[in-house]
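Fold and geometry: a report
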Amino acid sequence: MPPLSLLPFLLISLVSSATACDRCLHSTKVAYFSKASALSNGACGYGSMAIGFNTGQLAAAAPSIYKNGAGCGACFQIRCKNPGLCSSRGTTVMVTDLNTSNTTDFVLSSRAFMAMASEGKASDVLKLGIADVEYKRVPCEFKTKNLAVRVEESSQKPHYLAVKVLYQGGQTEIVGMDVARLGSSNWAFLSRNHGAVWDTSRVPEGPLQFRFVVTGGFDGKWVWAQKAVLPGDWKPGMVYDTGLQITDIAQEPCSPCDDSTWK
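Criteria and thresholds
- Counting from 1, residues in each chain are numbered in the order their sequence is written.
- At least 70 in pLDDT is required for a residue's local features to be given in this predicted model, at least 80 for side-chain atom pairs to be given and counted, and no such filter applies to totals for whole chains, interfaces and linings, which use all residues.
- Water and hydrogen atoms play no part in the side-chain values, which are based on all heavy atoms of the structure.
- UniProt positions are given in the numbering used here, feature names are shortened, and annotations may be inferred rather than shown by experiment.
- Per the convention used, a helix needs a DSSP run of H or I reaching at least four residues, while a strand needs a run of E reaching at least two, with both numbered from the N terminus.
- Relative accessibility decides the category of a residue: with a 1.4 Å probe and only protein chains considered, values under 20% of the type maximum give buried, values over 50% give exposed, and everything between is partly exposed.
- Disulfide assignment relies on a single distance test, namely cysteine sulfur atoms paired within 2.5 Å.
- What we call a nonpolar core is a set of buried Ala, Val, Leu, Ile, Met, Phe, Trp, Tyr and Cys residues that are connected through their side-chain atoms within 4.5 Å.
- Contacts are assigned to residue pairs with any non-hydrogen atoms lying within 4.5 Å of each other.
- For salt bridges, the criterion is a side-chain nitrogen of Lys or Arg within 4 Å of an Asp or Glu carboxyl oxygen.
- With a 1 Å grid spanning the protein atoms alone, the term cavity applies to any set of points in which a 1.4 Å probe fits but cannot get out, the term pocket to an open set with protein on both sides within 12 Å along at least five of seven lines, and the term lining residue to any residue with an atom within 4 Å of a point.
- Grid points are joined across faces, edges and corners, and a volume is the space filled by probe spheres set on the points.
- The nonpolar class holds Ala, Val, Leu, Ile, Met, Phe, Trp, Tyr, Cys and Pro. Asp, Glu, Lys and Arg form the charged class, and all remaining residues, Gly among them, are polar.
- Note on pairing: DSSP must find at least two bridges between two strands before they are called paired.
- Axes here mean lines fitted to C-alpha atoms, for a helix over just the part in contact, with angles spanning 0 to 180 degrees between N-to-C directions.
- Two rings from Phe, Tyr or Trp (for Trp, the six-membered ring) form a pair when their centres are within 6.5 Å of each other. A pair whose planes differ by under 30 degrees is stacked, one over 60 is edge-to-face, and the rest are tilted.

- The name given to the chain in an unreviewed UniProt entry is Expansin-like A2, with the source organism recorded as Linum trigynum.
- According to the UniProt record, the Sequence similarities (unreviewed entry) comment for the chain reads "Belongs to the expansin family."

What follows is the structure, encoded as structure tokens:
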């Protein structure tokens, strides 16, 4: 990980490469997955856990939203533009996959697609297949869950550690992650392997603590887990609680948004 003195430069560089104004209102089209099993193979690497996120209201997002994996776990409020079929509140989805289609920004789970409907109109909305929508990014809320890491099955102590980041709250992106033995200042950086999965071949011995670089736009900061997140006998397949709650909101370097039509 770069020295602390380089953190502002790092954050500016990372933010400048991201799509501006996530929080602003955008128009696009959305489709849906006909089978929920498609969401278990998402590029974010959540696997079968994805089905349990956000009550199953999930989305595959275009590359500009997926952001090489930094957009995994982001939440978006989406509502369709057909007032005869759709409610004004729409629904909130969580990004769990990459959408490579160039015709829609999102492909939703069928549950999320139907959740855009007015009462009694869910089946009619589903029949649309593709819907015109508007969307904006909103904070994710995990009121009963702290930020957690899952040790991936590919991990091999003491040579290799891969972890999946779960329950990332707020309107944020994790753009850096370090690991160290509890109480040590000798941090080893992790690299993003894919999606929400980070890894390193420099695995410290003993109980492990983590720190994260979190950005919600031009603001960025270190977030530290001031405890041993992984015990000395950590095991692949286990989920470990960091004790952290991330609630930061994006403050992007872009023009003021005109979302006056979003009520």
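**Some remarks on unusual backbone geometry**
- Cis geometry is found at the peptide bond from Lys-157 to Pro-158, where omega equals 5 degrees.
- Backbone geometry at Asn-54 places phi at a positive 50 degrees, although glycine is not the residue there.
- Along the chain, Asn-54 falls in the loop between strand E1 (26-33) and strand E2 (58-61).
- A relative accessible area of 27% means that Asn-54 is categorised as partly exposed.
- Although it is not a glycine, Lys-67 sits at a positive phi angle of roughly 55 degrees.
- Its relative accessible area of 15% is what places Lys-67 among the buried residues.

**What about the state of the cysteines?**
- One pass over the full model with this rule turns up three disulfides.
- Here Cys-44 engages in a disulfide with Cys-72; their sulfurs sit 2.1 Å apart. Where Cys-44 bonds to Cys-72 through sulfur, the torsion about that S-S bond is close to -90 degrees, and the disulfide is left-handed. Remark: Cys-72 occurs in the loop between helix H2 (63-66) and strand E3 (75-80) and Cys-44 occurs in the loop between E1 and E2; sequence separation between them is 28 residues.
- Residue Cys-44 is classed as buried on the basis of its relative accessible area, which comes to 0%.
- What makes Cys-72 buried here is its relative accessible area of 5%.
- In this model Cys-75 forms its disulfide with Cys-140; the gap between the sulfur atoms is 2.0 Å. The S-S bond linking Cys-75 to Cys-140 shows a torsion near 115 degrees; that makes this disulfide right-handed. In this pair, Cys-75 is assigned in strand E3 and Cys-140 in the loop between strand E6 (131-138) and strand E7 (147-151), connecting sequence segments 65 residues apart. Grouping residues by exposure puts Cys-75 and Cys-140 together as buried.

**Re the nonpolar core**
- Ranked by size, the top nonpolar core spans 25 residues in total, and within it Leu-161, Val-163, Met-177, Phe-210 and Leu-230 carry the most contacts.
- Mapped onto this core, the elements with two or more residues apiece are E7, strand E8 (161-166), strand E9 (173-181), strand E10 (188-194), strand E12 (208-215) and strand E14 (239-244).
- In terms of residue count, the dominant contributor to this core is E12 (four residues).
- Not counting residues within four places of it along the chain, the set of residues in contact with Val-163 comprises Val-149, Arg-150, Val-151, Glu-152, Met-177, Leu-190, Ala-196, Val-197, Trp-198 and Phe-210.
- Grouped together as the second largest cluster of nonpolar side chains are 22 residues, Cys-86, Val-93, Val-95 and Ala-131 included.

**With respect to the pattern of salt bridges**
- Tallying each qualifying case throughout the model produces eleven salt bridges.
- The residue Lys-67 makes a salt bridge to Glu-173 at a minimum N-O spacing of 2.7 Å. Here the residue Lys-67 occupies a position in the loop between H2 and E3, and Glu-173 occupies one in strand E9, the gap between them amounting to 106 residues. There is no split in this pair, since Lys-67 and Glu-173 are both buried.
- Put simply, Arg-150, Glu-152, Glu-153 and Lys-164 are held in one network by salt bridges that share partners.

**Here's the deal with the layout of surface pockets**
- Roughly 210 Å³ of internal volume is contained in the second largest pocket.
- What lines the second largest pocket is simply Gly-52, Phe-53, Asn-54, Thr-55, Cys-75, Met-94, Pro-139, Cys-140, Glu-141, Phe-142 and Tyr-167.
- Looking at the lining of the second largest pocket, its residues break down into seven nonpolar, three polar and one charged.

**A closer look at the sheet that holds strand E13 (residues 220-224)**
- Here eight strands make up an open sheet; going across it, the order is E13-E12-E9-E10-E11-E8-E7-E14 and the pairing antiparallel. Both edges of this open sheet fall to E13 and E14, since each of them pairs with a single strand only. Going from strand to strand, the sheet's axes swing by 30 degrees on average, the running direction of each strand aside.
- By the bridge criterion, four bridges tie E8 to strand E11 (residues 197-200) in an arrangement that is antiparallel. For Leu-161, the partnering residue across the bridge sits in E11 and is Thr-200.

**Observations regarding the packing of aromatic side chains**
- Scanning the entire structure with this criterion turns up ten aromatic pairs.
- Arranged with centres 5.3 Å apart and planes meeting at 85 degrees, the rings of Trp-187 and Trp-224 form a pair that is edge-to-face. Here Trp-187 is found in the loop between E9 and E10, whereas its partner Trp-224 is found in strand E13, with 37 residues between them in sequence.
- Using a relative accessible area of 15% as the deciding quantity, one classes Trp-187 as buried.

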